[in-house]
Structures are given as structure tokens and as C-alpha cells.
Amino acid sequence: MINFIGTYDCKADSKGRVMLPVALKNQMSPVINDGFVVKRSVFQPCLELYPMAEWNILMQKMNKKNRFKKKNNDFIRRFSAGVKVVEIDATGRLLIPKNLVDVAGITKEVVLSSAINIVEIWDKDNYEKVLEETAEDFASLAEEVMGDDDDDIS
């Protein structure tokens, strides 16, 4: 499992190409030749970039769902809508498919934000808006999510 670190401001060109910052590209080097999957986020107006190995682990979990349950089929269909395999080219650029650029509302200014084992791809204005909206609730959210006394996290 790979853990990405950092938040990076980038620019997208008119074709949806984003030049990866050197620091992020270096973190991706162990998995860069395996390819990536990009998809729309379930909860936010952004995209998620999965290293292929991480995507395959997620797909193994999804494949265990009983497809004779309608809600499982509906979820799988919606979850995988618009999913694309992408690569980082030799110059370090990521080409975001046009339909996904539109879904995420990506304009010229882009934020690549690490989220443990994936990278979120945001339009900069949307990213800043979401951070601002969730700032007040973060302390209580952190306590709720991470404050379990049974965990060994400090």
C-alpha cells in the first residue's frame, strides 16, 4: 500500500492535461508504470486517482457484493460510472478525460490533494469552498472519527 503526502496547486490545460508536481510524481514512482484509475468521488465534487493496485483491492471487495440484490447492482453501476484507466506520460502529465473534467467542474486551477492511498483532483475554487465549509466542524469530526479510546493513535 502506498501513502501519498501533500496538497499541490497545478494548472490544467484546455485538453485536461495536468503536469504533476515533482514531489508527487516521486511518491508515485513505485506504481507509476502500473497505471491509474480515475473516477468521480462518491461524496465530493472532485475526482479520485487510484493507483492500479489500490483499485484492484477495491474491486475485489466490490466483487464480493451479491449482485442479486438490486441495491448492490445499483451501487456498483453508479460507483463505476465514468471510470477510466489513465497513465502518467513521459513528461509527467496526467490526462483527465473530458467528461470527468466536466463532472468535477475543473477549470484551469487544479488542486491535487493526497487522501492516504489515493489522490483527489479538485477544481481549486471547489476545494477551497469545501475546506471553508467544513472548517468549523473539523474538531468534532476528528473526535468522532479518531477519538475511539480503543485505538492506539495519539
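- Within an unreviewed UniProt entry, the label attached to the protein chain reads Transcriptional regulator MraZ, and the organism entered is Arenibacter palladensis.
- Word for word, the UniProt comment on the protein chain under Sequence similarities (unreviewed entry) is "Belongs to the MraZ family."
- The Subunit (unreviewed entry) field of the UniProt record for the protein chain holds the comment "Forms oligomers."

1. Details of a negative patch on the surface
So, step 1. A cluster of acidic residues, Asp125, Glu128, Glu132 and Glu133, forms a negative patch at the surface.
So, step 2. Within the secondary structure layout, Glu128 lies in helix α5 (residues 124-134).

2. Topic: the sheet that holds strand β5 (residues 84-86)
Sheet strands line up and pair through hydrogen bonds in the backbone, either parallel or antiparallel.
So, step 1. Ordered in space as β1-β7-β8-β4-β3-β5, the six strands form an open sheet in which the pairing is antiparallel. Looking along the sheet, the strands with just one partner apiece sit at the ends: β1 (7-11) and β5. Adjacent strand axes in the sheet meet at a mean angle of 30 degrees, parallel and antiparallel pairs treated alike.
So, step 2. Note: strand β7 (residues 109-115) against strand β8 (residues 118-123), six bridges, orientation antiparallel. Along β8, the bridge assignment pairs Val111 with Trp122.
So, step 3. On the sheet, helix α2 (residues 52-63) packs against β3 (36-40), β4 (47-51) and β5 and is oriented at approximately 100 degrees with respect to β4.
So, step 4. α5 rests against β1, β7 and β8 of the sheet, and its axis sits at about 105 degrees to β8.

3. Regarding the UniProt feature "domain: SpoVT-AbrB" (unreviewed entry) in the protein chain
So, step 1. UniProt's entry tags residues 7-54 and 83-126 with the feature "domain: SpoVT-AbrB" (unreviewed entry), counted in the numbering of this structure.
So, step 2. Overall, residues 7-54 shows 21% helix and 38% strand. The separation of its end C-alpha atoms is 20 Å.
So, step 3. Structurally, residues 83-126 is divided into 23% helix and 43% strand, and its ends, taken at the C-alpha atoms, are 21 Å apart.

4. Some details on the nonpolar core
So, step 1. Formed by 27 residues in total, the largest nonpolar core has its most connected members in Leu49, Ile96, Ile106, Leu112 and Ile121.
So, step 2. When residues of this core are traced back to their parent elements, those giving at least two are β1, α1 (22-28), β3, β4, α4 (98-104), β7 and β8.
So, step 3. The element best represented in this core is α4, accounting for three residues.
So, step 4. Apart from residues no more than four positions distant in its own chain, Ile121 is found in contact with Val38, Cys46, Leu47, Leu49, Leu94, Ile96, Ile106, Val110, Val111 and Leu112.
So, step 5. Core analysis: the second largest hydrophobic core is formed by eight residues, Trp55, Met62, Ile76 and Phe79 among them.

5. Examining the layout of surface pockets
So, step 1. Empty space within the largest pocket amounts to approximately 330 Å³.
So, step 2. Those elements that provide at least two residues to the lining of the largest pocket are α5 and α6 (138-146).
So, step 3. By residue number, the principal contributor to the lining of the largest pocket is α6, which donates five residues.
So, step 4. Residues of the lining of the largest pocket, tallied by class, amount to eight nonpolar, one polar and no charged.
So, step 5. What lines the second largest pocket is a set of 13 residues, and nearest its centre among them are Ser41, Gln44, Ala115, Glu120 and Trp122.
So, step 6. Contributing elements (two or more residues each) for the lining of the second largest pocket: β7, β8 and α5.

Cut-off values and rules
Residues numbered from 1 in each chain as written. Predicted model: local features only at pLDDT ≥ 70, side-chain atom pairs only at ≥ 80, totals over all residues. Heavy atoms only, no water. UniProt positions renumbered as here; feature names shortened; annotations may be inferred. Patch = residues over 30% accessible without salt bridge, like charges linked within 9 Å, V, L, I, M, F, W, Y side chains within 5 Å. Areas by Shrake-Rupley, 256 points an atom, 1.4 Å probe, with all protein chains shown as cover. Salt bridge = Lys/Arg side-chain N within 4 Å of Asp/Glu carboxyl O. Lys, Arg positive; Asp, Glu negative; His and termini not counted. Charge placed at Lys NZ, Arg CZ, Asp CG, Glu CD. Helix = DSSP H or I, 4+ residues; strand = E, 2+ residues; numbered from the N terminus. Pairing = 2+ DSSP bridges. Axes fitted to C-alpha atoms, helices over the stretch in contact; angles between N-to-C directions. Contact = heavy atoms within 4.5 Å. Core = buried A, V, L, I, M, F, W, Y, C linked by side-chain atoms within 4.5 Å. Buried < 20%, exposed > 50% of the residue type's maximum accessible area, 1.4 Å probe, protein only. 1 Å grid on protein atoms, 1.4 Å probe; cavity = no way out; pocket = protein on both sides within 12 Å on 5 of 7 lines; lining within 4 Å. Points joined across faces, edges and corners; volume = space filled by probe spheres on them. Nonpolar A, V, L, I, M, F, W, Y, C, P; charged D, E, K, R; others polar.

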